[in-house]
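# What the coordinates show
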Amino acid sequence: MTKGTPSQGKKSGKKNFIRCRRCGKPAYHVRKKKCSACGFGKTPRMRKYSWQKKTKKTYTTKLR
Ligand SMILES: [Zn+2]
């Protein structure tokens, strides 16, 4: 087992993740039938956690 470019050939064939039709990310697991990014197939709500950063417009502005 080698890392790097030669091992990239093993990526061909079966794919586990396809593009999710709710969030559009290639994070929908085909066999598990759920999306790891938005929770599609797992929860009717969007998969979201409070510890998730990089969400827009949730930053606190200092009032002065
Ligand atoms: Zn999704």
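Here, residues in each chain are numbered from 1, in the same order as that chain's written sequence. For a predicted model such as this one, the threshold for reporting local features is a pLDDT of at least 70, and the threshold for listing and counting side-chain atom pairs is 80 or more; totals across whole chains, interfaces and linings nevertheless cover every residue. Neither water nor hydrogens contribute to the side-chain values; these are computed over all heavy atoms in the structure.

## Topic: the sheet that holds strand E2 (residues 28-29)
Quick reminder of the rule: Strand pairing requires that DSSP identify at least two bridges connecting the strands. Segments assigned H or I by DSSP are reported as helices when at least four residues long, segments assigned E as strands when at least two residues long, and all are numbered from the N terminus.
With antiparallel pairing, three strands are arranged side by side in an open sheet as E1-E2-E3. At either end of the open sheet lies a strand with only one pairing partner, and these are strand E1 (17-18) and strand E3 (34-35).

## Thoughts on the packing of aromatic side chains
For clarity, the threshold we go by: In summary, the pairing rule links any two rings of Phe, Tyr or Trp, Trp by its six-membered ring, whose centres are within 6.5 Å, and it sorts them by plane angle into stacked for under 30 degrees, edge-to-face for over 60 and tilted for everything else. Remark: exposure states derive from per-residue accessible area (1.4 Å probe, protein chains only) relative to the maximum for the residue type, with buried under 20%, exposed over 50%, and partly exposed in between.
With the rule as written, the count across this model stands at two aromatic pairs. Both rings, one in tyrosine 49 and one in tryptophan 51, keep their centres 4.8 Å apart while their planes meet at 10 degrees; by these two values the pair is stacked. Relative accessible area serves as the criterion here: at 34%, tyrosine 49 is assigned to the partly exposed category. Relative accessible area serves as the criterion here: at 57%, tryptophan 51 is assigned to the exposed category.

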